[in-house]
Amino acid sequence: MTGPPAPRRWHAELAWLPGHGVQPDVLIEAAGDTFSTVRAGVPRDAAGAAVRLNGLTLPGLANAHSHAFHRALRGITQAGRGTFWTWRERMYQVAARLEPDSYLALARAAYAEMALAGVTCVGEFHYLHHGPGGVPYADPNAMGETLLQAAAEAGLRITLLDTCYLAGGLPADDDAEAGARPEPLSEPQLRFGDGDADRWAARVEALAPGPGGLLGPGARLGAAIHSVRAVPRDQMPTVAAWARRHGAPLHAHLSEQRAENEACEAAYGATPAAVLDEAGALGPRSTMVHATHLTDADVWLLGGSGTCACFCPTTEADLADGIGPARALASAGSPLSVGSDSHAVVDLFAEARGIELTQRLATGQRGQFTAAELASAATAAGHACLGWPQAGQIAPGALADLVTVALDTPRLAGASAATALESVVFAATAADVRHVVAGGRDVVRDGHHLLVPNVPAALSAAIRAVLG
Ligand SMILES: [Zn+2]
């Protein structure tokens, strides 16, 4: 995403435009990494040498919640029985094996899979900071820099959500009144910990973020509070203050499991949402991931503060987490975004429709969200919650990200222009993505990644190296 601005032109058979729905014959021009002109109704023969985009062209998709290394667990953790907590043990085994070199290969391949699925920006919720035993690398940000490099090499924009992770669990309730300390990190968690929030802040400061956390044209630094489990209440304000000082995004895992809500109530006498609110961690720059087990008061705290709620429906189903009140949150004022989280699958269409389909299952009512609202969660709202509000729509001045979904595949054949967006949101898969442009640069052409030539081979080799 660097180099001198070069004008580019595309002619989309159909494109989804802000405020105008799906329009035919859209001429799209970009200078450098930004759209300059968008005009609908331009006949194909008047589009000159513009690159033809057959199908429905959308803005780039934003994967607002990713843990890149979880990609190695696909299939393995779907075997057998268990809970979120038994899944976590298996995840820790993979974390224990990663070093910067093996993580670079795995993350680059995982991000390349995302690019093939239409993702142009990833929010990487990064907590695997240190070497075995928690010993810092010579460069204490070696792992984070590895992820920045991986995204650049896979052609994605990235927001590195550097995650504060300090404790192994909440204080046991019977000790809480005596001011008991949180549980210490367990052996596999030692690699995640910085000791305290001040040392976390000093480490991330060394990445030298600019305003808004900007690290470069395609990279931004944000902050994350792992969860109420992993960051003691008195440490949270330091992380929130760091994000506020930099105008950077702040993310947190909110209420994924009932057990953590119960432990939080027992330790603090408050829900996770209330604890995070008190710490100054809610607001329009903040995103709460897994807004799953919420009280009505929690919904108003998030909605009233304009806090984004990031849903990861395929992971939330895979881990038997539960179904969060997405409609209530949106109505209360929370923008919604989506993420592939554990990468049980990497398919933002599945995540977007998952919001609506889980609400239907929970309420017995269809049509709680329109296809446009679901598409916005996977585009504009996702980019905004990662600190890129200038991305996620095909409009002059927006970052030049395009995703073209083929409409001649078995899944989408027969789609009409009038309901093409509904067809894509409710029936497309990642395999239907044909072309991807990120920041004005071609990343995927005719279903092939242009920077990582053989994505399956790259994934296979990287996963084999980690799993042994
Ligand atoms: Zn997560």
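Residues numbered from 1 in each chain as written. Predicted model: local features only at pLDDT ≥ 70, side-chain atom pairs only at ≥ 80, totals over all residues. Heavy atoms only, no water.

Chemist: I'd like a rundown of the sheet that holds strand β4 (residues 51-59), residues and numbers included.
Modeler: By way of backbone hydrogen bonds, the strands of a sheet pair with one another, either parallel or antiparallel. Taken together, the 8 strands give an open sheet; going across it, the order is β3-β2-β1-β4-β14-β15-β16-β17, and neighbouring strands pair in mixed fashion. The sheet is open, and its two borders are formed by β3 (34-39) and β17 (448-449), each paired with just one other strand. (Pairing = 2+ DSSP bridges. Helix = DSSP H or I, 4+ residues; strand = E, 2+ residues; numbered from the N terminus.)

Chemist: How would you explain the packing of helix α13 (residues 371-378) against helix α15 (residues 420-427) if you had to name every residue and give the values?
Modeler: Orientation of α13 relative to α15, taken along the N-to-C sense of each, is 60 degrees, at an axis distance of 9 Å. If you check the angle between α13 and α15, you find them oblique. As for how α13 packs across α15, the hand of that crossing is left-handed. Together, Ala-371, Ala-372, Leu-374 and Ala-375 of α13 and Leu-421, Glu-422, Val-425 and Phe-426 of α15 make up the contact between the two elements. Across the contact of α13 with α15, the residue classes break down as 7 nonpolar, no polar and 1 charged. (Axes fitted to C-alpha atoms, helices over the stretch in contact; angles between N-to-C directions. Parallel < 35°, antiparallel > 145°, perpendicular 65-115°, else oblique. Left-handed = near helix turned anticlockwise from the far one by under 90°. Contact = heavy atoms within 4.5 Å. Nonpolar A, V, L, I, M, F, W, Y, C, P; charged D, E, K, R; others polar.)

Chemist: Lay out the side chain of Arg-229 with the relevant residues and their values.
Modeler: With respect to the secondary-structure elements, Arg-229 resides in the loop between β9 (219-225) and α6 (236-246). Reaching out from Arg-229, the side chain makes a polar contact with the side chain of Glu-260 at a distance of 2.9 Å. When residues no more than four places from it in sequence are discounted, the contact partners of Arg-229 are Phe-84, Trp-85, Arg-88, Ala-167, Gly-168, Gly-169, Leu-170, Glu-256 and Glu-260. (Polar contact = N/O pair within 3.5 Å; in protein donor to acceptor, adjacent residues only side chain to side chain.)

Chemist: How would you summarise α15 if you had to cite specific residues and measurements?
Modeler: Within the sequence span of α15, burial applies to Ala-420, Leu-421, Ser-423, Val-424 and Val-425. Next to the buried residues of α15 lie β1 (7-17), β2 (21-31), β4, α12 (348-363), α13 and β14 (402-405). (Buried < 20%, exposed > 50% of the residue type's maximum accessible area, 1.4 Å probe, protein only.)

Chemist: Before we move on, could you go through empty space enclosed by the protein and cite the residues and values that matter?
Modeler: Over the atoms, a rolling probe the size of a water molecule traces out where space has been left empty. Counted according to the given criterion, the structure contains 4 cavities of 30 Å³ or more. Quantified by volume, the largest cavity comes out at close to 150 Å³. Around the largest cavity sit 19 residues that line it, and Phe-84, Trp-87, Met-91, His-226 and His-253 are the ones nearest its centre. Residue contributions to the lining of the largest cavity peak at 5 residues, all from helix α1 (residues 84-97). (1 Å grid on protein atoms, 1.4 Å probe; cavity = no way out; pocket = protein on both sides within 12 Å on 5 of 7 lines; lining within 4 Å. Points joined across faces, edges and corners; volume = space filled by probe spheres on them.)

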